[in-house]
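Take a look at the letters that make up each chain.
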Amino acid sequence: MSSSLLRGGIIGLGVGKAHAKGYISSPDVELAAVCDMNPDRLQAFAEEWKVAERYSDYKMMLQDAKLDIVSVCLPNALHAEVSIAALEAGVNVICEKPMAVNTAEAQAMVDAAKRTGKRLMMSYNYRYRSDAQWMRRMVTTGQLGDIYHVQVSWRRETGIPGWGLFGSKAASGGGALIDLGVHVIDLALWLMDFPAVQTISAQTRSLFGPVGRKTWGRKPGQVIEGGFDVDDGGVAFMRLANGASMALNVTWAEHGQPQEDAYRVEVQGTEGTAILHVRNYKNDDTLRFYTEMAGVPVTVVPTANFSTPQGHEALVMDLAKSIRNGEAPGTNGEQGQIAVEILDGIYESSRIGREVVFGE
Ligand SMILES: NC(=O)c1ccc[n+]([C@@H]2O[C@H](COP(=O)([O-])OP(=O)(O)OC[C@H]3O[C@@H](n4cnc5c(N)ncnc54)[C@H](O)[C@@H]3O)[C@@H](O)[C@H]2O)c1
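I will try to describe carefully the structure that is included in this document. Position numbers for residues start from 1 in each chain and track the written sequence from start to end. Per-residue local features of the predicted model are confined to residues with pLDDT of at least 70, and side-chain atom pairs are confined, for both listing and counting, to 80 or more; whole-chain, interface and lining totals are unaffected and use all residues. The side-chain values count all of the structure's non-hydrogen atoms but skip hydrogen atoms and water molecules.

## Points about the packing of aromatic side chains
- The rule is short: rings of Phe, Tyr and Trp, with Trp giving its six-membered ring, pair when the centres are within 6.5 Å, and they are stacked under 30 degrees, edge-to-face over 60, tilted in between. In the structure shown here, the tally under the stated rule is 8 aromatic pairs.
- Ring geometry for Y126 against W154: centres 5.5 Å apart, planes inclined by 75 degrees, an arrangement best described as edge-to-face. Note that Y126 is positioned in the loop between strand 6 (120-122) and helix 6 (130-140) and W154 in strand 7 (residues 147-156), a separation of 28 residues in sequence. No difference in accessibility class separates Y126 from W154, as the two residues are buried.
- Put simply, the rings of Y126, W154, Y263 and Y281 touch in pairs and so form one group of aromatic residues. Working definition: helices are DSSP H or I runs of at least four residues, strands are E runs of at least two. Numbering for both runs from the N terminus. Categorising residues by exposure relies on relative accessible area from a 1.4 Å probe, with only protein chains included: less than 20% of the type maximum marks a residue as buried, more than 50% marks it as exposed, and the intermediate range marks it as partly exposed.

If you want it as structure tokens, here you go:
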């Protein structure tokens, strides 16, 4: 490896695998070190990706590995602690979503990035898909006219994660809303250049998880170790400062098309409606644009080009390139904090049973 390459590392080797591809593909960075407290996972991962420097303790890694970038791919409740430690060790951070389990932690992370002058990037990998980028170009170039409503959802028929700590409020901060909702909330706000959210009215529920139904990789009736005290679905309605409204529907589990796992972002404007609908992580047939031409309704079926790096791979490459060029990467901590504030608002509205007004 050339010594001019930036040194990258990954802490947490579950979804960390998706990050590894970016470190391998990027011409600006090498995957120098990996960390996981699970020794079997650490060994298997390091062998697969040919990484010599292995750590079971993230503090030792930050102290010894002389990293330029680290991906924090740990359970949600550890994101703030580990990201802040990395920033303070002089390392640029890619933090998995959700950024943190509450607004106070997200704010502390943003403050740490400012204090240290290091980059804090959010792992919003779905922005780095060619179809999502096309949607953004359509919105920002005004081809939809004035946006009046955004309808977003992520719905799974049987999709309560059966591994890790996703069922634990202490470890994850919440359930389906914080896990899946954060992605579609971010996509919607990013498409519109982050209009402020003014009000939120929401209701969350927990019906399948507590009784061990509709869990990935578990027998029916088998409840996740440590219990299940988070939401497995919810809906929200929001008023935005750009005059548009946003409706959200997120489920880890519902009765529906068997094995369906799909997210959808529908942006409605005075001149057209653009829809991104990704089913079961596939790339085919994800886009529609509905408009009128010469007085008749027209349906456009765009074909996005997925031959370039996508998702996590492109995201890691973006951060490495931004460090090389002295530019800002495509996501940042401030944007991560906005999503966490909205999630806090959703949970609060559901808890008190009425609308939450922001800025009051
Ligand atoms: N962006 C995406 O699309 C996406 C997809 C999946 C998961 N995620 C996020 O990634 C994070 C991790 O999720 P996952 O599915 O990989 O979970 P996981 O449970 O599969 O992996 C987490 C890993 O962290 C390790 N770990 C836990 N505490 C540790 C510590 N203190 N020190 C070192 N290692 C430790 C565990 O041993 C485990 O291997 C979560 O925040 C989740 O929301 C994001």
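## Here we look at the pairing of strand 7
- Counting buried residues along strand 7, 7 of its 10 residues qualify, which places the element largely inside the surrounding structure.
- Pairing geometry for strand 7 and strand 11 (residues 261-269), over 9 bridges, is antiparallel. Of the residues in strand 11, the one forming a bridge with W154 is Y263.
- Looking at chain direction, strand 7 and strand 10 (residues 245-251) are connected through 7 bridges and run parallel. Looking at strand 10, one finds that V150 is bridged to M246. Strands were regarded as paired on the criterion that DSSP finds at least two bridges between them.

## Some points on the sheet that holds strand 14 (residues 296-300)
- Strand order in the open sheet formed by 9 strands is 14-13-12-11-7-10-9-8-15, with mixed pairing between adjacent strands. In the strand order of this sheet, the two ends are held by strand 14 and strand 15 (356-357), each with one partner.
- In what follows, a contact means two residues having at least one pair of non-hydrogen atoms within 4.5 Å. Axis definition: a line fitted to C-alpha atoms, limited for helices to the stretch in contact. Angles are taken between N-to-C directions and run from 0 to 180 degrees. On top of the sheet, helix 6 reaches strand 7, strand 11, strand 12 (273-279) and strand 13 (287-293); it is set at about 170 degrees to strand 12, its chief contact.
- Against the sheet, helix 10 (residues 333-352) engages strand 8 (197-205), strand 9 (233-240), strand 10 and strand 15, with an angle of about 60 degrees to strand 8.

## Some words on the nonpolar core
- The biggest cluster of nonpolar side chains holds 87 residues, and the ones touching the most others in it are M99, M135, M238, L248, V265, V267 and I346.
- When residues in this core are grouped by element, the largest group, 12 residues, is from helix 8 (residues 176-191).
- Each of domain 1 (6-123) and domain 2 (127-307) gives at least three residues to this core.
- Residues Y23, L42, I94 and A314 belong to the second largest nonpolar core, which totals 23 residues. In these notes, a set of buried Ala, Val, Leu, Ile, Met, Phe, Trp, Tyr and Cys residues joined through side-chain atoms within 4.5 Å is what counts as a nonpolar core. The start and end points of each domain follow an automatic or database-based domain assignment.

## Notes on the site of the ligand
- Around the ligand, the structure places 24 residues, and the nearest of them are V15, D36, R41, N76 and N125.
- A 3.5 Å cut-off defines polar contacts: any pair of N or O atoms within that distance qualifies, except that in protein one atom must be a possible hydrogen donor and the other a possible acceptor, and neighbouring residues in sequence count only when both atoms are side-chain atoms. In this structure, an oxygen atom belonging to the ligand sits 2.8 Å away from a side-chain N or O atom of R41.
- Note that a nitrogen atom of the ligand is positioned 2.8 Å from one of the side-chain N or O atoms of N125.
- For the shell around the ligand, the residue count by class is 9 nonpolar, 10 polar and 5 charged.
- Each of domain 1 (6-123) and domain 2 (127-307) contributes no fewer than three residues to the shell around the ligand. Here a residue is near a molecule or strand as soon as one of its heavy atoms is found within 4 Å of it. Each residue gets one of three labels, nonpolar for Ala, Val, Leu, Ile, Met, Phe, Trp, Tyr, Cys and Pro, charged for Asp, Glu, Lys and Arg, and polar for the others, Gly among them.

## Concerning the pattern of salt bridges
- Here, a salt bridge means any Lys or Arg side-chain nitrogen found within 4 Å of an Asp or Glu carboxyl oxygen. The final tally for this structure, using the stated rule, is 15 salt bridges.
- A salt bridge links R324 to D28; the nearest nitrogen and oxygen atoms lie 3.5 Å apart. You can see R324 sitting in helix 9 (residues 311-325) and its partner D28 sitting in the loop between helix 1 (16-25) and strand 2 (29-35), a full 296 residues away along the chain.
- Exposure remark for R324: the relative accessible area of 39% places this residue in the partly exposed category.
- Ionic pairing is found between K97 and D179, a salt bridge with its closest N-O pair at 2.7 Å. Here K97 is found in the loop between strand 5 (92-95) and helix 5 (103-116), whereas its partner D179 is found in helix 8, with 82 residues between them in sequence.

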